[in-house]
Amino acid sequence: MNFVEELRWRGILHDIMPGTEELLNKGMAAGYIGFDPTADSLHVGSLAQIMTLIHFQRAGHKPYALVGGATGMVGDPSGKSAERNLLSEEVLQHNLAGIQSQLEKFLDFNSGANSAEMVNNYDWFKDFSFLNFIRDVGKHITVNYMMAKDSVKNRINGDTGMSFTEFTYQLVQGYDFYYLWKHKNCVLQMGGSDQWGNIVTGTELIRRKDAGEAYALTTQLIKKSDGSKFGKTEGGNIWLDPQKTSPYKFYQFWLNTSDADAKTYIRIFTLFDEATINALETEQDAAPHLRTLQKALAKDITIRVHGEAEYEKAIKSSEFLFGNSDIAFLNELSDAEIIGIFEGVPNFTIEKSALTAGINAVDLLAAQTAVFPSKGEAKKMIQGGGVAINKAKIGAAEDVYNIDTLINEKFIIVQKGKRNYFLIIAE
RNA sequence: GGGGGGAUACCAGAGCGGUCAAAUGGGACGGACUGUAAAUCCGUUGCUUCGGCUACGAAGGUUCGAAUCCUUCUCCCCCCA
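Structure report, in brief.

Each value, and the rule that gives it
Residues numbered from 1 in each chain as written. Chains lettered and ligands numbered in written order. Predicted model: local features only at pLDDT ≥ 70, side-chain atom pairs only at ≥ 80, totals over all residues. Heavy atoms only, no water. Phe/Tyr/Trp six-rings, centres within 6.5 Å; stacked < 30°, edge-to-face > 60°. Helix = DSSP H or I, 4+ residues; strand = E, 2+ residues; numbered from the N terminus. Buried < 20%, exposed > 50% of the residue type's maximum accessible area, 1.4 Å probe, protein only. Lys NZ or Arg CZ within 6 Å of the ring centre and 35° of its normal. 1 Å grid on protein atoms, 1.4 Å probe; cavity = no way out; pocket = protein on both sides within 12 Å on 5 of 7 lines; lining within 4 Å. Points joined across faces, edges and corners; volume = space filled by probe spheres on them. Nonpolar A, V, L, I, M, F, W, Y, C, P; charged D, E, K, R; others polar. Expected span 1.5 Å × (residues − 1).

With that settled, the discussion passes to the packing of aromatic side chains. Summed over the entire model, instances satisfying the criterion amount to 25 aromatic pairs. With a centroid separation of 5.6 Å and 65 degrees between ring planes, the pair formed by Tyr 32 and Phe 177 is classed as edge-to-face. Residue Tyr 32 is located in strand β2 (residues 30-35), and its partner Phe 177 is located in helix α10 (residues 164-184); the two are separated by 145 residues in the primary sequence. With a centroid separation of 5.6 Å and 20 degrees between ring planes, the pair formed by Phe 230 and Phe 269 is classed as stacked. Of this pair, Phe 230 sits in the loop between β6 (215-219) and β7 (232-233) while Phe 269 sits in helix α13 (residues 259-269), and the two are 39 residues apart along the sequence. Side by side, Phe 230 and Phe 269 carry an identical accessibility label, which is buried. The rings of Trp 124, Phe 125, Phe 128, Phe 133, Tyr 175, Tyr 178, Tyr 179 and Trp 181 are connected pair by pair, giving a single aromatic cluster. The residue whose ring lies beneath Arg 208 is Tyr 145, and the NZ or CZ to ring-centre distance is 5.3 Å. Across from the ring centre of Trp 239, 5.5 Å away, lies the NZ or CZ of Lys 244, which sits over that ring.

Below is the structure:
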């Protein structure tokens, strides 16, 4: 199936420049997507863009992943209501390295003619002087044109204004496209729908500067059906880096997808074909409580991002934590096995001696450990019936726990709400 | 340069001398219901040794008492030039 068709039936495609599809149907073409180095890891939001590149490569085209060493220094105003803080160069370098190593996991860098390639726009911007830039690039694009962009208009009409630096952003990104077009024969830039304006500045620059043809394609912004932002949980962003978001948490994130969203996500984030997805949906509709879609979705993505072994562990942990197994089950496990199950769960270490005299629930959870940031909050939530120790709800804030509470003389399991587990290790 | 308006908790936004740790809405978190879903309903949403303490842009002042009045400063918005 051709690339554009693939994106279309998956519901990924948002906008496409006329002529793009014809061009891609003619044979192998090169295209790219830029990734912003605002953090040292990509998050699930970027995963959608990665999938686009994967589809692109699977359709026989050559994908470039661009990391924005230069654009990251400027800051994209698209979708932002306020001026962005600039990243320092060291932070940027660190972030670039992290992102680069993650991207390498998803694309095939060794598939002959259409091998993926990684580029960093810092390479062609670092020696590009300001004067040369305004003469070679700035000259071709009018301010009128730049002002017409939504990202600029919104900011100019808003309260916060916009610095010259951010105003320049679209030119900098536009030049990226020009550079890749010129030197790598890259004829297509892809990105989220918020990138349309920036991408088109690139095609425009190519047209005006060299009378060249280049194309644009954008993908749907991912939204949750309830309108809230995709990729966030109580704990913050969901990252691809296992140090930042444990594979268990990662798996849980996808498993907790709502029914409505699961149907769109399975098309966006997995490579299952249409028939497979339809079959999964039929199953889901017949027995929604089994959450067939969520499980398939979570499994596929977790394996692709963290590997089979981590997925197995996440499953094991999930089954224990959310299954019907009672606490006695843990007594039959070794310390190492218990730690394994709780691997992705936040843990705290306390002195065993803190328990010998007995300790009340609030002190245990807010003073000895940081399950709660303050005693007041711990107390409130205990009163609200939202906290459990060893799967038994804490009745009152004054309830006292001691050595006997320990499982295997070493562990205490804390639940905050239904889904948030903590492990306390007493040593 | 002249004139006017504003800054309140995560956000929006009321309060304009005591009854204000601050209405209301949203968000977030928790509970019930369920399927670790959605919707709905309910609760919580500054810290605390539960005596208090710190808070309404910042610093001073008036007052028995200030988010509320006065002075200075910082920042933002609007109109005129």
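Continuing now.
Our focus in this paragraph is the layout of surface pockets. Estimated volume of the largest pocket: approximately 1,300 Å³. As for the largest pocket, its lining consists of 44 residues, and the residues nearest its centre are Asp 36, His 43, Gly 45, Ser 46 and Asp 194. Taken together, the elements giving at least two residues each to the lining of the largest pocket come down to β2, α3 (44-58), α10 and β5 (186-192). Among the residues forming the lining of the largest pocket, the class breakdown is 14 nonpolar, 21 polar and nine charged.

So, about α3. Its 15 residues give α3 an end-to-end C-alpha distance of 21 Å, which sits within 8% of 21 Å, the value for a rise of 1.5 Å per residue. Counting buried positions over the 15 residues of α3 gives 13, a clear majority of the element. In the stretch just after α3, Gly 60 is the one whose phi turns positive, near 95 degrees.

Right, let's get into empty space enclosed by the protein. With a probe scaled to a water molecule rolled over the atoms, the places where space remains empty come into view. Counted under the stated rule, the structure contains one cavity of 30 Å³ or more. Considering only enclosed or pocket space, the largest cavity measures out at about 40 Å³ in volume. Lining the largest cavity are Gly 11, Ile 12, Ala 48, Thr 219, Gln 220, Ile 222 and Ile 268. Looking at the lining of the largest cavity residue by residue, the classes come out as four nonpolar, three polar and no charged.

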